[in-house]
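Each chain, letter by letter, is given below.
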Amino acid sequence: MSTCTDTFQLNREEMFRLLQRCLPNDLTRTQNLVECKDDVIFAWNSQENCLLTLNWRAARTKGSDIKHQTLIPSATFPYTVDRIVPSLDGNFVAVSGNRGVSLLELPRRWGTNGLYRGDGRENIICRTYILDDRLFTNNTNLEVLQVRWHPESPTGSHLIVLLSDNSLRVYHEENLKHVWRIGPMPKLGVTNGTTLPSLLDLGDTAVDFDISPPRVSSLLPLGDETASELTLVNTSAKIRQKVEWPIVILRGNGNIYVLCAGLNTKKPKLQGPLTMTPAKIDNYGQSSCSILVIPSLPPCVVISESTGRIHHALMVDNDDEGGNESFDKIDSSLYITPAEWQLHVLETVELELGLPQNAQSKSHICPIYLRRDLTSESRYFAYHNTGVHAIFLEFIKQLHDFAETAAEDDSVIPYLGNESHAEYILCTKALDAGQINPVLGFTLLQSPAGIVVFLGSGQVVSLNLITDPNVVLEWSSEKAERSKQGSDAVSPQKKYFSDSIENRIVAILRGGLSQPLLKLNTNTEASPQELMELLMHATQTLREQYFPRHEKCRHELKKRVEILQVLNRQQQEEIQELVLEKKRIRDNAENLAGKYEDMYERQQTLFKRAQEVSRLVSLLSPYTLSDEKDFKQQVEKINVATKGLMKQLEVAKGKISRNQQQMDTWEKQNAQKEFVLPPKREEIIKKILADMKNQINNQIMEIKQLNKLLDI
């Protein structure tokens with residue numbers, strides 16, 4: 001395989017070569033047999049019923065020195081595996097199929113290469129828990145629809161399973177914790193030779209669910225034992241905050257319900273169906289198949305249909321108060337409360353499922369599965385029987401900007417008019433009559449970011465991803481300016497030249513229909529007619545999509561050259577005008593400089609004349625001589641007094657010097673003397689001090705007694 005479609009060189013690994021030889025028997029539908037958690041890739045061997053693991057980072061750096069390991073379940077699975085889901089902390093792997101779910105407990109990892117058991121042994125037997133084996137044995141029509149790990153689990157071992165009987169089952173390892181009803185119980189039977197339609201046919205069965213970010217629903221006092229959900233203790237206020245995780249549930253008819261529950265909730269509230277605005281006749285889809293919640297603010301709900309349509313909606317608070325608890329229209333025993341949220345549908349994206357041969361070709365119909373991109377909220381992926389799409393949400397950045405500006409200015413109105421777009425990354429079906437090449441495994445890698453796709457033909461596609469969404473998505477500055485109120489007007493010329501010509505050319509060439517990597521089923525050879533049709537389709541796409549964009553680039557370059565020529569002529573004329581203006585300014589500056597010199601000379605002459613006049617006036621004034629004589633006499637008196645003070649100061653300094661010498665002599669004499677008391681006088685002083693000590697102790701005792709009496 002070409003390295004351009006296998007940037008991580010996974011096809012060279014023995015694990016994927018083994019997977020190519022051990023493909024599942026059912027190659028007609030999309031499955032998920034390959035997953036990744038941190039630096040370990042998990043892959044399910046459908047023929048030998050075991051889990052293969054590979055440290056892909058170590059294998060990439062050390063090459064063939066790193067071998068894959070085989071995790072063998074301790075119990076055999078009584079069903080066909082079509083999905084593996086690693087837990088959030090990497091201690092378990094949920095192995096599920098249509099007829100059952102099991103947990104595989106992973107061994108510990110250590111060592112420089114991060115291998116299981118640390119010694120790198122090839123085969124490891126792992127403890128296995130088969131969940132509710134009897135339930136599936138006694139109910140032949142029961143199927144597993146979705147499996148997700150609960151993010152609230154403190155041990156990372158709480159699993160939520162969606163079954164086709166409209167129930168959610170919560171497991172803690174092999175123990176069943178709760179059974180939550182989310183819809184009426186399906187019934188299938190035959191009456192008078194006529195088969196009654198099941199709820200699945202009517203679209204009243206849940207097909208998928210996802211977990212929304214938690215919320216604080218109420219405040220409870222400490223000591224309230226009725227609260228079983230996760231609580232946050234506020235010791236200062238002596239209250240607990242009740243935290244709930246809204247579980248968003250999708251039914252086949254497009255209706256969406258919300259189940260607010262924690263891990264310890266026994267009877268959670270089921271709310272719905274959520275009102276979808278703006279209202280449409282088709283209720284935004286009658287063939288819904290999967291749902292995804294992106295934890296933005298507010299949360300973004302993505303709903304996909306098997307026809308290729310994907311709806312993007314914001315989950316906002318419902319302004320209507322609603323009524324009391326109500327019954328379900330089909331099952332009167334099921335309580336459904338009014339919804340606290342509503343869905344505002346922003347847009348609908350149409351995916352191209354396969355490459356059509358012509359405009360009259362029928363669109364392929366298949367389930368579409370959604371996957372979040374953990375590196376960016378602005379991107380998610382959709383994989384199906386005909387390949388992989390990457391969908392970029394343009395309005396997520398507008399929501400972030402609105403959340404930042406709303407904190408400063410509440411009057412700001414968010415602008416969410418930017419349309420999202422989808423890029424067809426990988427196509428596995430190009431001919432209407434050709435065989436499908438479904439996706440058997442899709443996972444995301446991190447550090448570096450990438451995707452790994454395992455196809456039904458045994459091919460492995462690994463591609464790099466750009467982590468920063470701003471590199472992929474260019475948020476339009478013109479549209480962002482529309483959301484700012486009171487912004488300054490910008491001239492059309494500045495708007496036109498705000499982006500460089502390289503960015504405009506890249507934007508033109510990147511727009512339009514995206515051409516995916518083509519990976520067809522290589523097990524069967526296409527006929528010459530089919531190959532000819534594929535070639536004609538590629539030629540037509542090249543003619544309709546690429547040539548017009550290059551022509552548009554040519555017109556853009558021509559337009560830019562003409563505008564630059566006009567601007568060049570205008571600038572030349574402005575330069576000539578500026579040269580003339582510069583000459584006029586220089587002449588005016590010279591004239592002003594000459595005038596300034598003349599004025600300065602005249603000012604100096606007048607200043608000297610004024611000084612001479614002032615001197616003459618002072619000499620001729622009769623009061624000036626007497627004032628000067630008085631001032632002179634005062635100065636002489638001060639001079640005589642100053643000299644007398646100086647003499648007195650010298651005398652004082654001499655006295656101080658003699659006193660200091662005498663003090664030094666006395667200190668030396670005192671240092672040589674020793675004071676010795678007579679023995680009799682020393683004994684008398686000691687007795688006096690002992691008596692004083694006894695008196696002080698007695699007084700202290702009396703004071704303490706008085707204090708005790710005063711305290712009483």
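Everything numeric in this text was worked out from a predicted model, so none of it was measured. (Residues numbered from 1 in each chain as written. Predicted model: local features only at pLDDT ≥ 70, side-chain atom pairs only at ≥ 80, totals over all residues. Heavy atoms only, no water.)

## Looking at the sheet that holds strand β35 (residues 439-445)
Condition: Two strands qualify as a pair provided that DSSP identifies no fewer than 2 bridges between them. Runs of H or I in DSSP of at least four residues are treated as helices and runs of E of at least two as strands, each being numbered from the N terminus. Axis lines are fitted to C-alpha atoms, over the contacting stretch for helices. Their N-to-C directions set the angle, which ranges from 0 to 180 degrees.
Strand order in this open sheet of three strands is β35-β36-β37, and the pairing throughout is antiparallel. With partners counted over all chains shown, the strands left at the sheet margins are β35 and β37 (460-464), one partner each. Averaged over all adjacent pairs, the angle separating strand axes in this sheet is 15 degrees, with direction ignored.

## Quick notes on the nonpolar core
Short version of the rule: The term nonpolar core refers to a set of buried residues drawn from Ala, Val, Leu, Ile, Met, Phe, Trp, Tyr and Cys, joined through side-chain atoms within 4.5 Å. Note on classification: 1.4 Å probe, protein chains only; a residue is buried when its accessible area is under 20% of the maximum for its type, exposed when over 50%, partly exposed between these limits.
Residues L10, M15, F16, I41, L445 and F454 are the most contacted members of the largest nonpolar core, which totals 24 residues. It is helix α1 (residues 14-21) that contributes the most residues to this core, four residues altogether.

## Points about the packing of aromatic side chains
To keep things clear, this is the line we draw: Ring pairs shown here join Phe, Tyr and Trp side chains whose ring centres sit within 6.5 Å, with only the six-membered ring taken for Trp; geometry is labelled stacked below 30 degrees between planes, edge-to-face above 60, and tilted in between. Criterion for a charge above a ring: Lys NZ or Arg CZ within 6 Å of the ring centre, and within 35 degrees of the ring normal.
On inspection of all chains with the given rule, the structure shows eight aromatic pairs. Consider the rings of F8 and W56, whose centres lie 5.9 Å apart with planes at 90 degrees: the pair is edge-to-face. With F8 in the segment before α1 and W56 in helix α2 (residues 56-62), this pair connects stretches of sequence that are 48 residues apart. Residue F8 shares its accessibility class with W56, and that shared class is buried. A ring pair is formed by Y383 and F442, whose centres lie 5.2 Å apart and whose planes are at 25 degrees; its orientation type is stacked. Placement of Y383 in strand β32 (residues 379-384) and of F442 in strand β35 is noted, with a sequence separation of 59 residues between them. Classification of Y383 by relative accessible area gives buried; the value is 6%. For F442, a relative accessible area of 0% corresponds to the buried category. In textbook terms, an aromatic cluster arises when at least three aromatic residues are bridged by ring pairs, as seen for Y369, F381, Y383 and F442. The ring of Y116 has R109 sitting right over it, with the charged end atom 5.8 Å from the ring centre.

## Details of the confidence of the model for the protein
Cut-off, in case you're wondering: The predictor reports its confidence for every residue as pLDDT, a score running from 0 up to 100. Residue contacts are defined here by distance: any two heavy atoms, one from each residue, within 4.5 Å place the two residues in contact.
The predicted model of the protein averages 81 in pLDDT, with 80% of residues at 70 or higher. In the predicted structure, residues 189-197 sits below a pLDDT of 50 and forms eight contacts with residues beyond four places in sequence or in another chain. Low pLDDT (under 50) marks residues 471-489, which in the prediction has 28 contacts with non-local residues, meaning those over four places away or in another chain.

## Digging into the sheet that holds strand β38 (residues 517-518)
A sheet is described by the order of its strands in space; here five strands give the open sequence β31-β32-β33-β34-β38, paired in mixed fashion. The open sheet has two edge strands, β31 (369-372) and β38, and neither has a second partner. Both β31 and β32 contribute to a ladder of four bridges, which runs antiparallel. Across the sheet, R372 pairs through a bridge with Y380, a residue of β32.

## Some remarks on α1
Basically, it comes down to this: Note that the arc is defined by the directions from the helix axis to the C-beta atoms.
Listing the buried residues of α1 in full gives M15, F16, L18 and L19. Down the axis of α1, the buried set is contained in an arc of 155 degrees. They therefore lie on one face. Next to the buried residues of α1 lie β2 (40-45), β3 (50-55), β36 (450-455) and β37.

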